[in-house]
Amino acid sequence: MGCDVRVSGLLRRNLQPTLTYWSVFFSFGLCIAFLGPTLLDLRCQTHSSLPQISWVFFSQQLCLLLGSALGGVFKRTLAQSLWALFTSSLAISLVFAAIPFCRDVKVLASVMALAGLAMGCIDTVANMQLVRIYQKDSAVFLQLPVPMAVLYLLSKERLLTCCPQRRPLLLSADELTLETQPPEKEDTSSLPPKFHPGHEDLFRCCQRKNFKGVPSSFFAIHITAALVLFMTDGLTGAYSAFVYSYAVEKPLSVGHKVAGYLPSLFWGFITLGRLISIPISSRVKPATMVFVNVVGVVVTFLVLLVFSYNVVFLFVGTATLGLFLSSTFPSMLAYTEDILQYKGCATTVLVTGAGVGEMALQMLVGSVFQARGSYSFLVCGVIFGGLAFTFYILLLFFHRMHPGLSSVPTQDKALGMESLECYQR
């Protein structure tokens, strides 16, 4: 109960910037969910084949990767972060206005590449700012952007009329990164620079001088965590992109209208999973949530593989898979940053790893699907899910080896200051 009061208090204190960072995920989610349900329509519009249209996915995810790295450059100050998010959201709006006029697959790939750059920038900047604000409690708030998008759509007109009135508050919130700083009266001269996350440069922790004396487990944690998200986010992108094509092929031969519900069902249960994860993440450790999610993904793909001729199991499996994949990224991000004491570099590495996974696995699944038939779609899912589980077990092993500061409960700390005080010790 005390934990809920503390978390709700943190949200009230940081409501304006938090709503801002959540809001930009609307356009991000729209781009992620767009290509799968419209895949065959875009093929007709551009007169292209499945392998050719797969390059549209590749161009988007490649530029998402580049945008993830580029986005970190703009988070040095709050003003830079806000301008980066505004520009990225505007670019995505222009992209969707241009898509109906793209009659060539190369032009479409170029347009979606621009969207990918904007998506990567949004992903890095917004996630990093949320982690900075909430630190030990970030697992709860990283779950919320997708459900907030749903609530936004349900009450769109009322919220839009409120935006002009709330905008000045955002511009005056230049102190948001100082929410976790110690009071001025405290003597902080003896604190190392790493405990001032609001002012560190993006690549400060990645400079060679800061690697002196760093244990090998530090690098191993970054790598294995990124590989888990490489697999799980790659599966999310690949499944949403090709589940429709899989359903209309033999042996299922689902009608096009019915198969069109599958991507919507998948993303709908991802949204539902995020909603369910909000109360769960305040009571369950992020490490436990990731473990349950990864095991659930593997088991779901195995069941789909065994009952590959059953349409009902395909729909049930699609919904279940959306539930398990929904909270994997925010839980893994919160878990890894917790291990590494919120130094910032983990966010960039994990976002980049997830972006590479979506880029590579979509291309790989598309190529295998075309060459080996529809059955290979589920086989790829089992393999990638098994690899995600393997890398997660390795992450747990390296966490056990890591000599860094152990996680300290913050439930009894003063509101808004507990996380930083915990790390200073």
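Structure: see above.
Thresholds, definitions, all that
- Residues numbered from 1 in each chain as written.
- Predicted model: local features only at pLDDT ≥ 70, side-chain atom pairs only at ≥ 80, totals over all residues.
- Heavy atoms only, no water.
- Core = buried A, V, L, I, M, F, W, Y, C linked by side-chain atoms within 4.5 Å.
- Buried < 20%, exposed > 50% of the residue type's maximum accessible area, 1.4 Å probe, protein only.
- Helix = DSSP H or I, 4+ residues; strand = E, 2+ residues; numbered from the N terminus.
- Contact = heavy atoms within 4.5 Å.
- Axes fitted to C-alpha atoms, helices over the stretch in contact; angles between N-to-C directions.
- Parallel < 35°, antiparallel > 145°, perpendicular 65-115°, else oblique.
- Nonpolar A, V, L, I, M, F, W, Y, C, P; charged D, E, K, R; others polar.
- Polar contact = N/O pair within 3.5 Å; in protein donor to acceptor, adjacent residues only side chain to side chain.

(A) Representation of the nonpolar core in the model. Of all hydrophobic cores here, the largest spans 101 residues; its most connected members are M112, Y239, L314, M332 and F377. Here the element with the most residues in this core is helix α11 (residues 216–248); it accounts for 18 residues. Dropping the residues within four chain positions of it, M112 is found in contact with F34, L35, V56, S59, Q60, V95 and I99.

(B) Fine view of the packing of α11 against helix α13 (residues 261–281). Two numbers describe how α11 lies on α13: the axes approach to 8 Å, and their chain directions differ by 150°. The angle between the axes of α11 and α13 places the two elements in the roughly antiparallel class. Contacts between α11 and α13 involve T236, Y239, S240, V243, Y244 and A247 from the former and L262, P263, F266, W267 and I270 from the latter. Of the residues belonging to the contact of α11 with α13, the class tally is nine nonpolar, two polar and no charged.

(C) Quick look at the environment of L50. Within the element layout of this structure, L50 appears in helix α5 (residues 50–71). Look at L50 and you get buried, because its relative accessible area is 8%. Separated by 11 residues in the primary sequence, L50 and L39 have C-alpha atoms spaced 8.7 Å apart. Not counting the four nearest positions on each side in its chain, L50 is found in contact with L39, R43, F242, F369 and Q370.

(D) Expanded view of the side chain of T46. Of note, T46 is situated in helix α4 (residues 39–46). A relative accessible area of 6% means that T46 is categorised as buried. Among the polar contacts listed, one links the side chain of T46 to the side chain of S48, at a separation of 2.8 Å. Sequence-distant contacts of T46, that is, excluding residues within four places in its chain, are made with I53, C102, R103, D104, V105 and L108.

(E) Looking closely at unusual backbone geometry. Along the chain, K250 connects to P251 via a cis peptide bond; the corresponding omega equals 10°. Mapped onto the secondary structure, P251 falls in the loop between α11 and α12 (256–259). Phi is positive for S253, which is not a glycine, with a value near 50°. Here S253 is to be found in the loop between α11 and α12.

(F) Structural context of the packing of α11 against helix α16 (residues 328–339). With their axes 10 Å apart at the nearest point, α11 and α16 run at an angle of 180° to one another. Looking at the two axes, α11 sits roughly antiparallel to α16. Side by side, α11 and α16 meet where I221, A225, V228, L229, T232 and D233 of the first sit next to T328, F329, M332, T336 and I339 of the second. Along the lines of polarity and charge, the residues of the contact of α11 with α16 split into seven nonpolar, three polar and one charged.

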